[in-house]
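Remarks on the overall topology
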Amino acid sequence: MMHQQQSMMVGDMLPVHSEIPVHAEEMNNVGYDNSGSYAYDDLFPALPHSQPPVQRNIQQVTNKLRVGSSLHTQVFHVPYEERKLDNANTFGEGESLRTCQAITKVTDAHIEISTSKDGSLTFLITGKHSAVLDARRQILTHFQQQASKQISIPKEHHRWILGKLGQKLKDLEKVTATKISVPSIADNSETITITGTKEGIEKAEHEIRICSEEQSRKALERVTVPKIYHPFIMGPFGERTAALSAETGARIHIPPASTQSDEIVIAGEKTGVLAAKAQIEQIYEDMVKKCSTVRVEVPKSQHKYVIGSRGTTIQEILKETGVSVEVPPPDSPTGTITLHGPHNKIGLALSKVCEKANSVKTATVDAPTWIHKYIIGKNGSNIKKITQDFSKVHVDITHSEDKVKIDGPPEEVERAQVELDDFVKNLLATLTYVELSVDPKFFKHIIGKNGSNINRLKDETGVVINIIENEGTNVIRIEGSHQGVADAERELREMVMKLENERSKEVYVDHRYIKALIGVRGEKIKEIREKFDRVLITLPDQGQKRSPIKLRGPQEDIEKCEKFLHKLMKEVAESSYVQEVPIFKQFHKFIIGKGGANLRKIRDETQTVIDLPAEGDDSDVITVRGKRENVEEAVKRIQQIHNEKANIVTEEVTIAPKYYNSLIGAGGKLIHSIMEECGGVLIKFPPAESDSDKVVIKGPVEDVEKAKQQLLAHASERELTSHTATVRAKPEHHKFLIGKYGANIRKIRDQTGARIIFPTEKDEDKEAIFIIGREEQVEAARTQLEAAVAEISNVSEGEMSVAPRHHRHFVARRGEVLRRIADDCGGVQISFPRQGVSSDRVVLKGPKDCIDAAKARINEIIEDLESKVTIECIIPQRHHRTVMGARGAKVKDITAEFDVQIKFPERDMAEGADIPVKNEENAEPGINDIIRITGRPENCESAKKALLEQVPITIEVTVPNELHRVLAGQKRRELMQTYDVHILMPPAEENSDIVKVTGTPTNVEKAKEALADKIVEMEKEKEDRILRSFELKFKVHPEYHPLVIGKGGLVISKIRTDYGVQINLPKRGDPDDDIITVQGYEDKAQQAKEAIMAIVHQLDNQYREEVDIDPRVHRRLIGLRGKNIKRIMEEYKVDIRFPKHGDDSIVVIAGEEDNVLDAKDHLLNIAEEYLQDVVDRYQRPAAPSLDFGEMLSNENASSGSGGAAAAAAASGGGGSTATATGFVVKGGPWEQRAPDTASTHEFPTMPGAPRAAAPQQPSPAAWGPRR
């Protein structure tokens, strides 16, 4: 729809009824007489033609039933000059189509769009009336340039414009396709804003003003004057109407040209309205007497020159001649222009109309579409340069045509045409293009990451490269100079050839190990990608359990990468064993040891990862992760330390099961409370389905005994009675109820004997306080608690004096200090005087205890503020960034630790400010080197000392140059991250042993010691690497290689694992395809060789038998995925090998002699059964067939030597030997001659068209050209 011109007449929109007769033919018992031939038209008759509708039938249907359609259809146009630029040929027609589809989805109206040659858009909308109007408004908003106009309407008239619930305004917006903004009731503005097309704004303004005048208390008159006389009443440029309004004081509203209305509305004072009405009627009567009409045909393409910019030309003609010029609307098919005016002025006006219509000439310059962008130039520079001397020339470049249109004065158009033609010829001589057909799957590799490959090629060759990927078209288009295009084409072809030779492979890895493969911040996968830089490694998406790792690249590199990944995953799997050890929280410190010594020793010696729960975590489980044997050893050591430090016992207490629920308490509150009070002992109740009455208590002896006594006491209480009550209090008041160190709540417990449980962080209800005990105890405790809650909740007001100079500290940062005080003091409200009020009165509202606590806290803060001092700390500016740390982390820690404020100076932006100077110690400190610290004197000194400790130093450490390559990778990053230092390696060309370490003095010393340890470790690794590089080569015949590898690589993997060696087998077809290479420690390599040769010798001693079996049954013997042959091999304990070539019949059986002979007999027996099935299937008579091709071939064969009978006899059929004549059809399309497109008789030349030279190639065959 987007690429075709569609014209629609009114008749096309009407439904046409047709009566189609039904032809029924008997198709049963059809026989074929092979003795004769048939005509194609008889066998395949044409479908019946639709009969024209009969007028009488239509009339009868109409008389019987009339059905009104609720669908409406509307057609309208958007001229090219009014189209929005962002929708004009920017992203192709597909963008416009997507916009229409979105509007259709919202409005439920069907939209069709087409583009004319002149660039204008035509829309056809079908749907319900309201949907059509809504869709039209949205289309005009998206596709047509939008203007905006503000009109002033009295505020009291706005409600009449809006209508009930705003419906009238919505209807007006739909009808005029505009957006109308009416100010809200609270806004006193009288301005109404209208946004939309020029035509829509005029209609909307007209309707709004009419509505306003109708509601006005002033006079309102309507005068009906035919539309053709409106221009004379309005006058040129609206001058007569303006003069008439000024003279009479009346407002005159004449409907715009686009509105088909004859009614003129006059509003204002009554006398003025009547006077204006009289003058308008007088003008109308005068013009009726002396006005005549003339029509002239003008091509529609020239109408815009007659109209002029915004209709100025028509108004000028009206002003000069007094004649009105009426131009048909753009969507009208006619080109007739109508002139109305006095008899004696019509001729002059007609001359001016013809003059304006012919004042512009149109010319075209042939230019292929691909050079249009070069004609335009960057930001239109080239086209501006060409047309700079032709101010009245308009150049129209349409990307869908191979030409450029030029409009303007004739003499300027001719000159511009010559210049543009020369420029196009020059472009065609210097530029060229090439299109390469490329498989779309290679596009992303050609483009590269973030366009790196394609951008590099563009920069090197200076060409433009466009990748076009449409349905059926996948090409890369290269445009530019001849040399650049040739170079780019050559490199792209090489790239495509390389991509075609690449291979892909999928490696399946347990999804649990993907995270370990990626590493911290992707460092591990980055290292793998750098190691195999020629292989593209694509990891599966997170959450996909069965997705493989995809490898793409050269075959050899893919195999190496796959081996490396399997090895890495094996190591990860071995080191991923996890075991959890429950250790009482109070004994974790013994596991950690002084300064973490015990924990570090266990980690280092067992090579495991040990995670302890966080300090605020309730869990007491220690998690150990690593290799299984190492984890078990680490757990053993942890339990040993625990048993040494803790006297853990387990004791059982007999309690009746009926008391379990009350002992556990609501939500487990009571039992958790007992466990916490008794040092965190473990109390385990038997499961609900069990009949056991044994409760298990585990922990230190004293704690177990204490818990036992509490459990038994509570159980005995339950035997007497069990009562529970709830008291509610705000969570912020709980701390006051509990008191300092629990004094208040302990007092209530001692006085009443009841147990009081407060909610924890895990409880959903934070206000409920539970009381458990005997009824009188619970009641007494509840009375006291409710009294305490009432006292705390009783809000009182207090005040205090705070010097105004300290107010800023409390209210700064949006009152952060005040919020903190309120949180700590039970939500007390603190009000400081407003800014600008000179008062020291501070008001506090809340519970009395909370107010007292808040006053005390404020006084403490004031005391701190008054005792603050400011000292200076001199640190060279170039160290400030290091001292501050990442995002100021170090300074924040010092500030929080010592409760001070630290202010760094502004950075000196002068050139050379960061360059260190000689004799810096003796140099005078600059203003930018001084850091100011504010706080208590002792805190300031401590903070200054901490800052000076952060000043970095640099030391030199000697590391042998041959170890630099090993140190420069992961080891260096680990040292830098662990000790927070920077390690600088010397450039390779310097061949230096000096490594520089920069950081704080403490960290530098630690890093130096660690670096010395690393050197010793790397020396040992170097010696070990030399020992592991021993290589052993020996010969093994290629036929044994698959058995050495084993099923799924199990045999060779076991040898590699057992002896810790690398075994490389040659590829099939290599010159040395019998050489196996083993690499590792010398003794291990020899042992691996002996293991391989043992397998070979074992195979040499086996008995082998070759069996000839028909290849047609090989597949059936093997079975689906080798199921059948595997079963036979397992049953007889032999190895059976089938030939790789389908026409080879030799099957090899290897194993012990008796087993081989038994397997041979079994194979031959079942092969004979399968072969009999094959023979029976091939000899079965064929079913009857109506295959015309087979009949024709049989007929041709029978004309020789009775081939049909011979074929029947060969297939086992016993039918008649008479030869069939076949099924012959004559007159089919395959016998007809195709039309000759080169013939002027069959394809005559269109009238007026230029005669083309006859093509020299021969006419195509009847069924198209040969491929």
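Structural notes, computed from the coordinates. (Residues numbered from 1 in each chain as written. Predicted model: local features only at pLDDT ≥ 70, side-chain atom pairs only at ≥ 80, totals over all residues. Heavy atoms only, no water.)

Now for the nonpolar core. Ranked by internal contacts, the top residues of the largest apolar core, which has 36 residues, are I756, L785, F810, I821, I830, L844 and I858. Within the residue set of this core, elements represented by two or more residues are β29 (723-728), α29 (734-738), α30 (743-752), β31 (768-773), α31 (775-793), α32 (807-824), β34 (841-846) and α33 (848-866). Among the elements that take part in this core, α33 stands out by supplying seven residues, more than any other. Sequence-distant contacts of I821, defined by excluding residues within four places in its chain, comprise F810, I830, A854, R857, I858 and I861. With 22 residues, the next largest nonpolar core counts I655, I683, V695 and A715 among its residues. (Core = buried A, V, L, I, M, F, W, Y, C linked by side-chain atoms within 4.5 Å. Buried < 20%, exposed > 50% of the residue type's maximum accessible area, 1.4 Å probe, protein only. Helix = DSSP H or I, 4+ residues; strand = E, 2+ residues; numbered from the N terminus. Contact = heavy atoms within 4.5 Å.)

Across all of its chains, the model carries 37 salt bridges by this definition. In this structure, R857 engages E860 in a salt bridge whose closest nitrogen and oxygen atoms are separated by 3.1 Å. Placement of the pair is R857 and E860 together in helix α33, with a separation of three residues, close to one helical turn. With its nearest N and O atoms 3.6 Å apart, the salt bridge here joins E1021 to K971. In this pair, E1021 is assigned in helix α39 (residues 1001-1028) and K971 in helix α38 (residues 970-979), connecting sequence segments 50 residues apart. (Salt bridge = Lys/Arg side-chain N within 4 Å of Asp/Glu carboxyl O.)

Another point: the side chain of T193. Mapped onto the elements of the fold, T193 is located in strand β7 (residues 191-196). Among the residues examined, T193 registers a relative accessible area of 19% and is labelled buried. Those residues in contact with T193, other than ones at most four positions away along the chain, are S148, K149, Q150, K179, I180 and S181.

What follows deals with unusual backbone geometry. Its identity is not glycine, yet D108 carries a phi of approximately 65°, on the positive side. Here D108 is to be found in the loop between α3 (93-107) and β3 (110-115). On the basis of relative accessibility, which here comes to 64%, the residue D108 falls in the exposed class. Of note in the backbone geometry, Q607 takes a positive phi value of approximately 55° without being a glycine. Relative to the elements of secondary structure, Q607 occurs in the loop between α24 (597-606) and β24 (609-611).

For α30, every residue scored as buried is listed here: I745, I748 and T752. When α30 is viewed along its axis, its buried side chains cluster within an angular range of 60° and face the same direction. Exposed and facing more than 90 degrees away from the buried side of α30 are K747 and D750. Its buried side turned inward, α30 meets α29, β30 (755-757) and α31. One or two positions beyond α30, positive phi appears at G753, with a value near 80°. (Arc of directions from axis to C-beta.)

Read these as spatial facts, not as claims about activity.
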